[in-house]
Amino acid sequence: CYAVYFQRKTFRDSWRTCKEKGGNLATVKTAEEAELIHELLSSTEPQSQRVRLRLWIGLQRQPRQCSATRPLRGFTWTTGEQDTEYTNWQRDDLPSTCAAPRCVVMTHNTADKSRSNRDNFKWLDGSCALAVDGFLCRFAYRGMCSVLESEGGGPARYTTPFNLIK
């Protein structure tokens, strides 16, 4: 389960907010997970009028941990893992950024409904101390159920432990 929050926060504050709600910053390790996030973002209307948004995901790198030969470039998921089947970097890693802590945002162009913009949903690393447009959380709760099939009796109502009702 993924949720997007359009709140300007730093990486650490975004991570803390996800943790307080029972989740973590989003990991995007497979093309299937990326597709779920793309669907969520494409169907969500941000409160901001900005067209290009930057949203924190759960990737960070400590100083001097760069690795040009690894898919995550020395970054680690906030869950502690370094494995991935999927990456979506917008540009090559810059050696000059290896001396400072770096965190990753996913870009989102809210005007690109057809997904024709090749720069949409790309990953960019930058300063962890900057407040960006929002962040993506991932939740996994014991007892989560899959989507219920329609029984013809009207819409189903879902609730989450962080009081979101859908």
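Structure: above.
Cut-off values and rules
- Residues numbered from 1 in each chain as written.
- Predicted model: local features only at pLDDT ≥ 70, side-chain atom pairs only at ≥ 80, totals over all residues.
- Heavy atoms only, no water.
- Core = buried A, V, L, I, M, F, W, Y, C linked by side-chain atoms within 4.5 Å.
- Buried < 20%, exposed > 50% of the residue type's maximum accessible area, 1.4 Å probe, protein only.
- Helix = DSSP H or I, 4+ residues; strand = E, 2+ residues; numbered from the N terminus.
- Contact = heavy atoms within 4.5 Å.
- Polar contact = N/O pair within 3.5 Å; in protein donor to acceptor, adjacent residues only side chain to side chain.
- Salt bridge = Lys/Arg side-chain N within 4 Å of Asp/Glu carboxyl O.
- Pairing = 2+ DSSP bridges.

**Student:** Give me the lowdown on the nonpolar core, citing residues and values where you can.
**Tutor:** For soluble globular proteins, nonpolar side chains are generally found buried alongside one another. Grouped together as the largest cluster of nonpolar side chains are 20 residues, with contacts concentrated most on Val28, Ile37, Leu41, Leu59, Met106, Trp123 and Leu136. Mapped by element, the contributors of at least two residues to this core are β1 (2-5), α2 (31-42), β3 (52-61) and β5 (102-109). Beyond its immediate stretch of four places on either side in the chain, Ile37 contacts Tyr2, Ala26, Val28, Met106 and Leu136. Of all hydrophobic cores here, the second largest spans 15 residues; its members include Tyr5, Trp56, Cys128 and Cys137.

**Student:** Summarise the environment of Ser43; cite the residues concerned and give the values.
**Tutor:** Mapped onto the secondary structure, Ser43 falls in the loop between α2 and β3. Owing to a relative accessible area of 58%, Ser43 belongs among the exposed residues under this scheme. C-alpha separation for the pair Ser43 and Thr110, spaced 67 residues apart in sequence, amounts to 9.6 Å. At 3.1 Å, the side chain of Ser43 and the backbone oxygen of Glu39 are in polar contact.

**Student:** Would you mind going over the pattern of salt bridges in detail, with residue names and values included?
**Tutor:** Summed over the entire model, instances satisfying the criterion amount to 6 salt bridges. The salt bridge involving Arg102 is made with Asp125; its shortest N-O contact spans 2.9 Å. Here the residue Arg102 occupies a position in strand β5, and Asp125 occupies one in strand β6 (residues 123-126), the gap between them amounting to 23 residues. Using a relative accessible area of 15% as the deciding quantity, one classes Arg102 as buried. With relative accessibility at 10%, the residue Asp125 sits in the buried group. Salt bridges sharing partners connect three or more residues here, namely Lys29, Glu81 and Asp83.

**Student:** Lay out the environment of Gly74 with the relevant residues and their values.
**Tutor:** Mapped onto the elements of the fold, Gly74 is located in the loop between β3 and β4 (76-77). In the structure, Gly74 is positioned 24 residues away from Cys98 in sequence and 9.6 Å away in space, judged by C-alpha atoms.

**Student:** Account for the pairing of β5, naming residues and giving values.
**Tutor:** Taking burial as the measure, the 8 residues of β5 include 8 buried ones, the bulk of the element. Two elements, β5 and β6, share 4 bridges in a ladder whose sense is antiparallel. Across the sheet, the residue bridging to Val105 is Leu124, located in β6.

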